[in-house]
Amino acid sequence: MNAMRYEAPGSIDEVVALLAAADGDSRILAGGTDLLVQMQSGFVKPGLIVDVKKIAEATTITAEDGGFRIGAAVCGAEIGEHADLKEAWPGVVEAAELIGSVQIQARASLGGNLCNASPAADSVPALIAAGAVCSIAGPKGRREVPVADIATGPGETSLGTGEVVVSIHLPAQSPRSGDAYLRFIPRTEMDIAVVGAAINLSLDENGQCSAARVVLGAVAPTALLVTEAADALIGGPVDDAALERLDAAARAACRPIDDKRGTADYRTKVSGVLARRAAGIALERARSNS
Amino acid sequence: MTKHHVSTTINGEPAEFLCEPQQTLLDVLRDELNLTGSKEGCSSGDCGACSVIMDGRVACACLALGVEAEGRSIETIEGMAEGETLHPLQRLFLEEAALQCGYCTPGFLVAAKALLDRKPDPTETEVRFWLAGNLCRCTGYDKIVRAVLSAAAEMRG
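Residues numbered from 1 in each chain as written. Chains lettered and ligands numbered in written order. Predicted model: local features only at pLDDT ≥ 70, side-chain atom pairs only at ≥ 80, totals over all residues.

A.B. asks: Give a detailed account of the pairing of strand 5 (residues 67-71) of chain A, specifying residues and quantitative values.
C.D. replies: Residue and element names in this part refer to chain A. As paired elements, strand 4 (residues 61-64) and strand 5 share four bridges and run antiparallel to each other. Pairing of Ile61 across the sheet is with Ile70, part of strand 5. In this antiparallel pair of consecutive strands, strand 4 and strand 5, the connection spans two residues, and Asp65 shows a positive phi of 50 degrees. For strand 5 and strand 10 (residues 164-170), the ladder comprises four bridges, and the chain directions are antiparallel. (Pairing = 2+ DSSP bridges. Helix = DSSP H or I, 4+ residues; strand = E, 2+ residues; numbered from the N terminus.)

A.B. asks: Report on the domain arrangement of chain A, specifying residues and quantitative values.
C.D. replies: Residue and element names in this part refer to chain A. Split by domain assignment, chain A resolves into domain 1 (5-48), domain 2 (58-170) and domain 3 (177-288). Measuring from the centre of the C-alpha atoms in domain 2 to the corresponding centre in domain 3 gives 20 Å. Between domain 2 and domain 3, the residue contacts involve 25 residues of the former and 24 residues of the latter. Those elements that provide at least two residues to the side of domain 2 that touches domain 3 are helix 6 (90-97), helix 9 (123-129) and strand 8 (151-153). Split by residue class, the side of domain 2 that touches domain 3 holds 17 nonpolar, six polar and two charged. (Domains from an automatic or database assignment. Contact = placed C-beta atoms within 7 Å. Nonpolar A, V, L, I, M, F, W, Y, C, P; charged D, E, K, R; others polar.)

A.B. asks: An account of the interface of chain B and chain A is needed here, citing residue identities and associated values.
C.D. replies: Listed as interface residues are 25 residues of chain B and, on the opposing side, 22 residues of chain A. Those elements giving two or more residues to the side of chain B that touches chain A turn out to be strand 3 (51-54), strand 4 (57-60) and helix 4 (124-130) of chain B. With four residues, the top contributor of residues to the side of chain B that touches chain A is strand 4 of chain B. Grouping the constituent residues of the side of chain B that touches chain A by class yields 14 nonpolar, nine polar and two charged.

A.B. asks: Can you lay out the nonpolar core for me, pointing to particular residues and giving the numbers?
C.D. replies: Of all hydrophobic cores here, the largest spans 158 residues; its most connected members are Val147(A), Ile199(A), Leu216(A) and Ala278(A). Apart from the residues within four sequence positions on either side, Ile199(A) is in contact with Ala129(A), Asp179(A), Ala180(A), Ala212(A), Val214(A), Ala275(A), Ala278(A), Ala279(A) and Ala282(A). (Core = buried A, V, L, I, M, F, W, Y, C linked by C-beta atoms within 7 Å. Buried ≥ 20, exposed ≤ 12 C-beta atoms within 10 Å, placed from the backbone.)

A.B. asks: Describe the sheet that holds strand 1 (residues 5-7) of chain A, listing the residues and the values that go with them.
C.D. replies: Residues and elements named next belong to chain A. Taken in spatial order, the three strands line up as 1-3-2 in an open sheet, and their pairing is parallel. Of all strands in the sheet, those with a lone pairing partner are strand 1 and strand 2 (26-29), marking the two edges. With direction set aside, neighbouring strand axes in the sheet form an average angle of 20 degrees. Where strand 2 lies against strand 3 (residues 48-51), four bridges are found, and the strand directions are parallel. Across the sheet, Ser26 pairs through a bridge with Leu48, a residue of strand 3. In this fold helix 1 (residues 12-21) packs onto strand 1, strand 2 and strand 3, with an angle of close to 175 degrees to the strand it touches most, strand 3. (Axes fitted to C-alpha atoms, helices over the stretch in contact; angles between N-to-C directions.)

A.B. asks: Give a description of unusual backbone geometry that names residues and reports values.
C.D. replies: Negative phi values dominate among residues other than glycine, just as trans dominates among peptide bonds. All names here are of chain A. Positive phi, close to 60 degrees, is recorded for Ala117, a residue that is not glycine. Turning to its location among the elements, Ala117 is positioned in the loop between helix 8 (110-116) and helix 9. Taking the C-beta count within 10 Å as the criterion, Ala117 has 22 such neighbours and is therefore assigned buried.

A.B. asks: Now, about the packing of helix 2 (residues 88-95) of chain B against helix 5 (residues 142-156) of chain B: what can you tell me, with residues and values included?
C.D. replies: All names here are of chain B. Look at helix 2 against helix 5: their axes get within 9 Å of each other, and the N-to-C directions meet at 135 degrees. The angle between helix 2 and helix 5 places the two elements in the oblique class. The handedness of the crossing between helix 2 and helix 5 is right-handed. Residues Pro88, Leu89, Leu92 and Phe93 of helix 2 form the contact with helix 5, whose own contacting residues are Ala147, Val148, Ser150, Ala151, Glu154 and Met155. Across the contact of helix 2 with helix 5, the residue classes break down as eight nonpolar, one polar and one charged. (Parallel < 35°, antiparallel > 145°, perpendicular 65-115°, else oblique. Left-handed = near helix turned anticlockwise from the far one by under 90°.)

A.B. asks: Can you explain the sheet that holds strand 4 of chain A? Please cite residues and give values.
C.D. replies: All names here are of chain A. Taken together, five strands build an open sheet; the order of strands is 4-5-10-6-7 and the sheet is antiparallel. Here the strands that pair on one side only, and so sit at the sheet edges, are strand 4 and strand 7 (141-146). When the angles between neighbouring strand axes are averaged without regard to direction, this sheet yields 25 degrees.

A.B. asks: Pulling in residues and values, what's your account of the domain arrangement of chain B?
C.D. replies: Residues and elements named next belong to chain B. When its domains are assigned, chain B resolves into domain 1 (4-79) and domain 2 (88-156). For domain 1 versus domain 2, the separation of C-alpha centres amounts to 21 Å. Counting from both sides, the interface comprises 12 residues of domain 1 and, opposite them, 11 residues of domain 2. At three residues, the largest contribution of residues to the side of domain 1 that touches domain 2 is made by strand 3. Considering only residue class, the side of domain 1 that touches domain 2 consists of seven nonpolar, four polar and one charged.

Written out as structure tokens, the structure reads:
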């Protein structure tokens, strides 16, 4: 491995200054569960690693505007242990908790899952369905960007040079609303999504679906926000007919690849099934959240 | 290249070491501190043979940098027995033959200890899910799971 520098500053301003002054490849270290694997395999050879785990705003969960701000480096286990967060956004929490083993949960973060930009990232569809927004710091200051706009392709993001995701904000969950995330893997644990489906839906006072966001993972180069699938639910009851339309719209949106985890045909079929099942869970949660 | 001077706590005792920035915590434990109980299996966070407890959470030492130990508390397999007295998990792994080649055993023991530290009365399913990040190619897992449940029962008294 080439000469590498490690810094663990105490503020985001220092992170931005370090990244701005660096020549060559720099990497942010949150949990390291992707970065260290990539370094050990020689896939990346960073000249500078900036560990953000000594920075309070990157490592804490705080209530904000009725929702929650989650530091980009907060580990999955801590997210799973946060009772209020789990009550408001159970789908986001279950997606974060699906990432890896107990050992991985002690380290893996939402910021890392997002910026690693795997099409199969578990937390990303759930965050997009929830309407989560990133706070990004960089040489030109701060900006707020929806999670949906970060990944641009496998391993590629829209972050500019010297920018870092500091935290992710989940809005207040609406009344009579619920979210859910399901992934399909051929094992029960420790695998990468063949398909993931996240749904966040709201009901009006008559139990009709008034808003929905449907997001599919691992069926395209990035997570897909499928408005046609949401439209299949909005405006009526979430009944068998609506779920049938949801299933068809999800399948129609898929642009998957064939790989060792599944064929494109299989992924397409499973996306519809998972979308239906996730909608069923989100519906139950919305009904109990009135 | 400048080495980092790291001050940390290992198995309850203050410890200091020098390391290169790219050395993993596992490299440091094994090569700098001669704590060779933590094993290198996959080096990618899949097998759990290098499991250590960092600030109360079980993690893979292969996926942390040695410099990240600064100011933290690290527990390894070497800290599990008290002198000559084995931890109940260690003793029951032996008594119930929950190991064959033994390479994965330190990782299983550390991970199981982390479980029992936080959940003294786990179900069999909870034990199996908790240990999903530890791979054993010899035992078929049943004896390991039974030994963990036996240790949990004994420790509850």
